[in-house]
Amino acid sequence: MANFHLNSQPYLAQLSYNQDTDMILEIGSDQNEGSTEFFNGLAVNWEIPFYTVDVIDEAQHRFTHLDHIIWQVSEGGAVWTKTVLPTLSKQIKVLYLDNYDWSNPGPNADAIIANYSLRNVKWSNLGSQVEHLAQVTNCMPYMSQQSLVICDDTPLVEASGTYTGKCGAVVPYLLVNGYQIVYTGNNGVILQRGL
Amino acid sequence: MLCYFDSDTEVNLSHIADIKQVRSVVELKNRLSVSNFEFAHSTQYTHRGLYVIEVSKIPELWCAKTFPKSFNLLLNIPSRVIKAAKTKKIRILILSIVEGDNFTSDIFDGFKHLHNTVCLLGLPKYSVIIVSGNLNAGQQYTAWCNHYSKEEYIEFQEGIEWDGKTSHPPDDAVKIADYCLPFNSLNRAHRNHRTEHLYFLSENKLTGLVSGGAWFATHPIDPPTYQTIDYNHYKTVLTANYPKTVDVEDLVNQVPNLINNLKIYERSQLTVVTESHFDQTGGMFITEKTFRPLLLGHPFMILGQQGTLKKLRSWGFQTDFDGIDQSYDDVTDDSERFIQFHQSLRTWYLLDAEIRRTAIYKWDNIIQHNFQNYKKLNFKKTMFDNVILSTEQYFKKCS
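Quick notes on the rules
- Residues numbered from 1 in each chain as written.
- Chains lettered and ligands numbered in written order.
- Predicted model: local features only at pLDDT ≥ 70, side-chain atom pairs only at ≥ 80, totals over all residues.
- Helix = DSSP H or I, 4+ residues; strand = E, 2+ residues; numbered from the N terminus.
- Buried ≥ 20, exposed ≤ 12 C-beta atoms within 10 Å, placed from the backbone.
- Contact = placed C-beta atoms within 7 Å.
- Rg over C-alpha atoms; globule rule 2.2 N^0.38 Å.
- Nonpolar A, V, L, I, M, F, W, Y, C, P; charged D, E, K, R; others polar.
- Domains from an automatic or database assignment.
- Pairing = 2+ DSSP bridges.
- Axes fitted to C-alpha atoms, helices over the stretch in contact; angles between N-to-C directions.
- Core = buried A, V, L, I, M, F, W, Y, C linked by C-beta atoms within 7 Å.
- Expected span 1.5 Å × (residues − 1).
- Arc of directions from axis to C-beta.
- pLDDT = per-residue confidence, 0-100.

Participant: Looking at this structure, how should I read the overall build of chain A?
Facilitator: Helix and strand counts for chain A come out as seven helices and nine strands. Of all 195 residues assigned to chain A, the portion counted as buried reaches 44%. Contacts spanning at least 24 positions in sequence make up 69% of the contacts within chain A whose residues lie at least 6 apart.

Below you can see the structure in the form of structure tokens.
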């Protein structure tokens, strides 16, 4: 079970935050790996809003006791970041990306294809990268100058020195926007700027 | 000391099935009532007090969300409680005494998860107190913090769940019959060190009142860890001699930990306790298995974690029975301790029957002392009194 988000804690501890303007955003709510309760805990501590966006409301029903979370069910993360995010007047201090699935061919991919087709979505790995890139380009105007982006399911391809997986396209985009890679490993990558 | 509950019908965090099923809120309050606790059903924390959560699982299952059945207890606490703890209006009490496993292993670091979660939530130092069935958890956490150069954020206290008090201890110590069997060893549930112990008894032809091996029907016989033996021979000896039962016949419908079969103790000269934990290095989990010879008035040896006898002495019990070498208790290495324990048992067994008979008489003062000392001790009250004392000091420092 992946719990890549736990690797972000040392970098989260370095951030300063503004309770009036900042927010935490998770795109892709918890699927039993503990990310939503983790970022909720941070948001409770900082006393800033925590939005978690997903295409389904399954996690919302499991975490009814966590009353600080602002649940958002949307057609997709890219749609939400384009339509809802601009209305919030908030700066994203922490962005956690783990939504549209990525998979090698095989039974897992077949299951994902079947699952996505229920929502009339034609799933592909390239589609995952497009979706994540669209989310981050939509978020960029609202990213705090000092902020952290946590990309799960984004492994480094050591032979080529590039990243693949969900945020394979997001990583270079973040780099040209002033972010630096601070952590690579455990199938993910963490970037920060302003520190 | 005020204890806050979210409602008068459910325990706190009852949305987590593993917490809800530990015991009802009524039962929990009854337990707490042995000490000076008062109860409030409120989500407004107007007075200082404790927010009590009880968990019955091993640390790996509640310190972090690392696999589907596990959960991070602290991250499931309502935000209003976290806010009140941050402002030092309340303190979070986690009772975790049903199990007594180590918080760390080769594959899991519960201290790291707990410590990081307390920091993630921004909780003040010592705003979380954990009463652990692992009696060494506090010193293990201190060592962990020193090793990783971390400040201590969590207070640990020791707690005993399985103290044997509900087994209806007799009014008088048992009378050990002359020339009875040299020992009893009652092994009711599967543990690998018990299987190895049973092998040693059979291989060395040590005859006593012995139960064990009922678990062979449901658990494979693992290769031995503490003795160097050919596995096939090991298995052959075990399956040829066990299962064997001298006490509880029906392990499904009877509750073995509540049963004191006095006849067994009257007909044996020494109790061989095979504790639940043997190899969780550095930890200390003491159960009713250890308390049984104390509450019945019987001499004992304990095949348990290093320092178990030392811990009993810290509670006022006497553990030195002339003629029995109890120095195995000091041995850190599990294999060496296992071997030394069994050498000591064998030495006792091979003593002349008359010497063994007279030893029992010589030990009578110790047995009677332990019997009376057990009656005086109230582990649950001590545990909760310590929580109250510590929490009063915590709030005093906050003032």
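Participant: When you look at the overall build of chain B in this model, what are you seeing that I'm missing?
Facilitator: When you go through chain B residue by residue, the secondary structure sums to 15 helices and 10 strands. Its C-alpha atoms give chain B a radius of gyration of 23 Å, near enough to 21 Å, the size a compact globule of 399 residues would have. If one aligns the C-alpha atoms of chain B with their principal axes, the spans along those axes are about 70 × 45 × 40 Å. Residues classed as buried in chain B amount to 45% of the 399 residues present.

Participant: Mind showing me how you'd approach unusual backbone geometry here?
Facilitator: Comment: phi is negative for the bulk of residues other than glycine, and the bulk of peptide bonds are trans. Geometrically, the link from Tyr242(B) to Pro243(B) is a cis peptide bond, its omega value of 5 degrees lying close to zero. In this structure, Pro243(B) sits in the loop between α8 (231–241) and α9 (262–266). A positive phi angle is found at Asn32(A), which is not glycine, with a value near 75 degrees. Considering the arrangement of structural elements, one finds Asn32(A) in the loop between β1 (22–27) and α2 (35–46).

Participant: Which parts of the structure should I look at to understand the interface of chain A and chain B?
Facilitator: Accessible area lost when the parts come together is the quantity often used to give the size of an interface. Each side of the interface is counted separately: chain A has 15 residues, and chain B has 16 residues. Looking at the side of chain A that touches chain B, the element that brings in the most residues is α2(A), giving six residues. Its residues assigned to classes, the side of chain A that touches chain B shows four nonpolar, eight polar and three charged.

Participant: Would you explain the domain arrangement of chain B in this entry?
Facilitator: When the domains of chain B are assigned, the result is domain 1 (2–161 + 379–398) and domain 2 (165–376). The gap between the C-alpha centroids of domain 1 of chain B and domain 2 of chain B is 33 Å.

Participant: Help me out: how do you make sense of the sheet that holds strand β5 (residues 143–151) of chain A in this one?
Facilitator: The pairing of strands in a sheet happens through backbone hydrogen bonds and is either parallel or antiparallel. All names here are of chain A. Ordered by their spatial adjacency, seven strands build an open sheet running β3-β2-β1-β4-β5-β9-β8, and the pairing between neighbours is mixed. Each edge of the open sheet is held by one strand with a lone partner, namely β3 (69–73) and β8 (180–185). Recorded for the sheet is a direction-independent mean angle of 15 degrees between the axes of neighbouring strands. For β5 and strand β9 (residues 188–193), the ladder comprises five bridges, and the chain directions are antiparallel. Each residue of the ladder has a partner; that of Leu 148, found in β9, is Gln 192. Running over the sheet, α2 touches β1, β2 (50–54), β3 and β4 (91–97) and is turned about 180 degrees from β1. Across the sheet, helix α6 (residues 125–139) lies against β1, β4 and β5, angled at about 170 degrees from β4, the strand it touches most.

Participant: Mind showing me how you'd approach the nonpolar core here?
Facilitator: For soluble globular proteins, nonpolar side chains are generally found buried alongside one another. Counting residues in each nonpolar core, the largest one holds 103 residues, and the members touching the most others are Ile24(A), Leu97(A), Val149(A), Leu93(B) and Ile94(B). It is α2(A) that contributes the most residues to this core, six residues altogether. Domain assignment of the residues forming this core places at least three in each of domain 1 (2–161 + 379–398) and domain 2 (165–376) of chain B. Excluding residues within four positions of it along the chain, Leu93(B) makes contact with Leu50(B), Tyr51(B), Val52(B), Ile129(B) and Val387(B).

Participant: Could you clarify how one ought to interpret the sheet that holds strand β8 (residues 209–211) of chain B in this entry?
Facilitator: All names here are of chain B. The strand order across the open sheet built from four strands is β8-β7-β9-β10, with neighbouring strands paired in parallel fashion. In the strand order of this sheet, the two ends are held by β8 and β10 (300–303), each with one partner. The mean angle between the axes of side-by-side strands here comes to 20 degrees, regardless of whether they run parallel or antiparallel.

Participant: Teacher, can you tell me more about the pairing of strand β1 (residues 2–5) of chain B here?
Facilitator: For a regular strand, side chains alternate in direction, first toward one face of the sheet and then toward the other. All names here are of chain B. Where β1 lies against strand β3 (residues 49–54), three bridges are found, and the strand directions are parallel. Of the residues in β3, the one forming a bridge with Leu 2 is Gly 49. Both β1 and strand β2 (residues 38–41) contribute to a ladder of four bridges, which runs parallel. Each bridged residue has a counterpart across the sheet, and for Leu 2 the counterpart in β2 is Glu 38.

Participant: Can you walk me through α6(A) in this structure?
Facilitator: Working note: α-helix, 3.6 residues per turn, so residues spaced by three or four point in the same direction. All names here are of chain A. With 15 residues, α6 extends 21 Å from end C-alpha to end C-alpha; this agrees with the ideal 21 Å at 1.5 Å per step. Every buried residue belonging to α6 is among Ser 128, Gln 129, Glu 131, His 132, Gln 135, Val 136 and Cys 139, and all of these are buried. Around the axis of α6, the buried residues are gathered within 165 degrees of arc, so they sit on the same side. In this structure, the buried side of α6 is in contact with β1, α4 (77–83), β4, β5 and α7 (170–176).

Participant: Is there a simple way to explain the confidence of the model for chain B in this structure?
Facilitator: Do not read the fine detail of predicted coordinates wherever pLDDT is low. Of the residues in chain B, 97% have a pLDDT of 70 or more, and the chain-wide mean is 95. Confidence estimates for the predicted assembly give a pTM of 0.93 and an ipTM of 0.92.

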